[in-house]
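Take a look at the letters that make up each chain.
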Amino acid sequence: MLFWGFLKIGLSGFGGVLPFARHTLVERERWLTEQEFTEVLSLSQFLPGPNIVNVSVIVGRRFDGVIGAAAATLGLLLMPLVIVLLLATLYAEFAQIDAIRRACYAVSAAASGLIIAMAVKLSTPIRRTPWQVAVCAVTFAAVAVARAPLFWVLAAVVPVSLAIAWRDRE
């Protein structure tokens, strides 16, 4: 079940998989709540490696241990790997054609739109908590506007965020 669920995610969201992962895990399969998905994604973004792969490992392990983690990750990566190999072969052959290059630019614009849509959906659970909105705004400003290195921004923001969350928990 995990393999097939993540195989569909891998096929559905080629190039912008997080919106499809959220839809599948939260809305369609209901394997996670909105809050759980946000927590899993947050942890995945903090860990090294691709976010969606980290999500597949965490969700797979949660439901079926190491075997579940392996099944979810294999399901997620199998078809995109095959597709990338085929597309790379085709691109190497036809990259000099101007229409092919323009099509690649168009796809990157669509992927950017998917990322923005995902950010809007992920902001839903934190809208009710002003300190989380502030942390989000400071992090965005530091990374996107001031171009501060992500590592140093996280090194500063994560301890503060954890301390506030710990205080609010009590």
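Fair warning: this is a prediction, and the values are worked out from it, not measured in the lab.

Please provide a residue-by-residue account of the packing of helix H3 (residues 34-46) against helix H5 (residues 98-122), values included.
Where H3 meets H5, the closest approach of the two axes is 11 Å, and the angle between their N-to-C directions is 125 degrees. The orientation of H3 relative to H5 falls into the category oblique. On the side of H3, the interface is formed by Glu34, Phe37, Thr38 and Leu41, while H5 contributes Met118, Lys121 and Leu122.

Describe helix H6 (residues 130-145), listing the residues and the values that go with them.
Helix length check: H6, at 16 residues, gives a terminal C-alpha distance of 21 Å against a target of 22 Å (1.5 Å per residue), a fit within 8%. If you check which residues of H6 are buried, you get Trp131, Val135, Thr139 and Ala142. The buried residues of H6 all sit within an arc of 70 degrees when viewed along its axis, so they share a single face. Residues of H6 that are exposed and point over 90 degrees away from its buried face: Pro130, Phe140 and Val145. As for H6, its buried residues are in contact with helix H7 (150-169). Arg147 sits one or two residues past H6 and shows a positive phi near 60 degrees.

Summarise the packing of helix H1 (residues 2-12) against helix H4 (residues 51-94); cite the residues concerned and give the values.
Working note: a packed helix pair is described by the angle between its axes plus the distance between those axes. Where H1 contacts H4, the axes come no closer than 7 Å and their chain directions differ by 40 degrees. When the axes of H1 and H4 are compared, the pair comes out oblique. Here the hand of the crossing between H1 and H4 comes out right-handed. Looking at the contact of H1 with H4 residue by residue, the class counts come to 16 nonpolar, 5 polar and 1 charged.

Tell me about the pattern of salt bridges, residues and numbers included.
Between side chains of opposite charge, a pair can form when the charged atoms approach closely. In the structure shown here, the tally under the stated rule is 6 salt bridges. Between Asp98 and Arg101 there is a salt bridge whose closest N-O contact spans 3.2 Å. Of this pair, Asp98 and Arg101 both sit in helix H5, 3 residues apart, which is roughly one turn of that helix. Its relative accessible area of 34% is what places Arg101 among the partly exposed residues. Because the salt bridges share partners, they merge into one network encompassing Arg22, Glu27 and Glu34.

The rules behind the values
- Residues numbered from 1 in each chain as written.
- Predicted model: local features only at pLDDT ≥ 70, side-chain atom pairs only at ≥ 80, totals over all residues.
- Heavy atoms only, no water.
- Axes fitted to C-alpha atoms, helices over the stretch in contact; angles between N-to-C directions.
- Helix = DSSP H or I, 4+ residues; strand = E, 2+ residues; numbered from the N terminus.
- Parallel < 35°, antiparallel > 145°, perpendicular 65-115°, else oblique.
- Contact = heavy atoms within 4.5 Å.
- Expected span 1.5 Å × (residues − 1).
- Buried < 20%, exposed > 50% of the residue type's maximum accessible area, 1.4 Å probe, protein only.
- Arc of directions from axis to C-beta.
- Left-handed = near helix turned anticlockwise from the far one by under 90°.
- Nonpolar A, V, L, I, M, F, W, Y, C, P; charged D, E, K, R; others polar.
- Salt bridge = Lys/Arg side-chain N within 4 Å of Asp/Glu carboxyl O.

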